[in-house]
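# Reading the structure
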Amino acid sequence: MTLHSCALALGSNIGDKEENLKDAVAAIGDITHTTVTRVSQYYRTAPWGDTDQDWFLNACAKIETELPPLQLLSALKGIESNLGRTKTRRWGPRVIDIDILTYDAVAIAEDTLTIPHPRMTERAFVLVPLAEIWPDLRVNGQSIETHLAQLSREDGDVFPYKP
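The structure reproduced in this document is the subject of the present report. Model, not experiment: these values are computed from the prediction.

Looking now at the nonpolar core. Among the nonpolar cores identified, the biggest contains 25 residues, and Leu10, Ile28, Leu72, Leu76, Ile98 and Ile100 are the most heavily contacted of them. Taken together, the elements giving at least two residues each to this core come down to strand E1 (4–12), helix H1 (17–29), strand E4 (56–65), helix H2 (69–82) and strand E5 (97–103). Of all hydrophobic cores here, the second largest spans 19 residues; its members include Ala7, Ala124, Leu137 and Leu151.

Following this line, the structure appears as structure tokens:
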């Protein structure tokens, strides 16, 4: 089978955030035919969208998988559920959130999955850890650094996490 390189974004703002991210990364590594090849450091970030909630701990991971995109999405949603995520309000608090940012260089527009992630280039909490683990990645024809440079100050502060 063919190995596909993917970027994932992870976030948590309920409970032991650091442990939630570690558990999620471990579970991603347990997905059949999937290997975690890089994980960024963790970053503290203010909530985005719905700002009446606790700060997030965010990270990005680079994986290689043989799974097709929708099967990978299903596995990731299973991890979220197993770690205690329940659906609440949009952009609301969550034990864990795992998003597929990229899947090789393909573009996908399904009802349940859009790749590249449609808002990833607007979010410093995604781009900063992503630049750390995959600096030469290009999204929508531009480097991660170029996307970062285009963000305004209002797009959010990203602080390295110090436990």
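On to helix H3 (residues 124–133). Within H3, eight of the ten residues are buried, which leaves the element mostly enclosed by the surrounding structure. Where H3 is concerned, the buried positions are Ala124, Phe125, Val126, Leu127, Pro129, Leu130, Ala131 and Ile133.

Evaluated as defined, the whole model comprises four salt bridges. The closest approach of N and O atoms between glutamate 18 and lysine 22, which form a salt bridge, is 3.3 Å. Residue glutamate 18 and its partner lysine 22 are located together in helix H1, separated by four residues, close to a single helical turn. Exposure remark for lysine 22: the relative accessible area of 39% places this residue in the partly exposed category. Salt-bridge contacts for aspartate 97 lead to arginine 94; the nearest nitrogen and oxygen are separated by 3.2 Å.

Side chains on a regular strand alternate between the two faces of the sheet. The buried fraction of E1 amounts to eight of the nine residues, a majority that puts the element mostly inside the structure. The pairing of E1 with E4 spans nine bridges and is antiparallel. Residue pairing across strands places glycine 11 opposite asparagine 58, the latter belonging to E4.

Okay, the side chain of threonine 102 next. Relative to the helices and strands, threonine 102 resides in strand E5. Residue class for threonine 102 comes out buried when judged on its relative accessible area of 4%. Setting aside its immediate chain neighbours within four residues, threonine 102 contacts Ser5, Cys6, Ala7, Ile115, Met120, Trp134, Leu137 and Val139.

What follows covers H1. Two residues of an α-helix separated by three or four positions point the same way, owing to the 3.6 residues in each turn. For H1, built from 13 residues, the straight-helix expectation of 18 Å at 1.5 Å per residue is met to within 8% by its first-to-last C-alpha distance of 19 Å. Where H1 is concerned, the buried positions are Lys17, Glu18, Asn20, Leu21, Ala24, Val25 and Ile28. The arc that holds every buried residue of H1, seen down its axis, measures 165°, which confines them to one face. Contacts made by the buried residues of H1 are with E1, strand E2 (34–39), E4, H2 and E5.

Basis of the calculations
Residue numbers run consecutively from 1 along every chain, following the written order of its sequence. In keeping with the predicted nature of the model, local features appear solely for residues at pLDDT of at least 70, side-chain atom pairs appear and are counted solely at 80 or more, and the whole-chain, interface and lining totals rest on all residues. Water and hydrogen atoms were dropped before computing side-chain values, which therefore reflect all heavy atoms in the structure. In this description, a nonpolar core means a group of buried Ala, Val, Leu, Ile, Met, Phe, Trp, Tyr and Cys residues linked to one another through side-chain atoms lying within 4.5 Å. Burial classes: relative accessible area under 20% of the type maximum marks a residue as buried, over 50% as exposed, and values in between as partly exposed (1.4 Å probe, protein chains only). Only DSSP runs of H or I with at least four residues qualify as helices, and only runs of E with at least two residues qualify as strands; both kinds are numbered from the N terminus onward. Should a side-chain nitrogen of Lys or Arg be within 4 Å of a carboxyl oxygen of Asp or Glu, the pair is scored as a salt bridge. Here, strands pair whenever DSSP counts at least two bridges between them. Any pair of residues with heavy atoms lying within 4.5 Å of one another is described as a contacting pair. To estimate the expected span of a helix, count its residues, drop one, and scale the result by 1.5 Å. Of all possible arcs, the one meant is that of the directions from the helix axis to the C-beta atoms.

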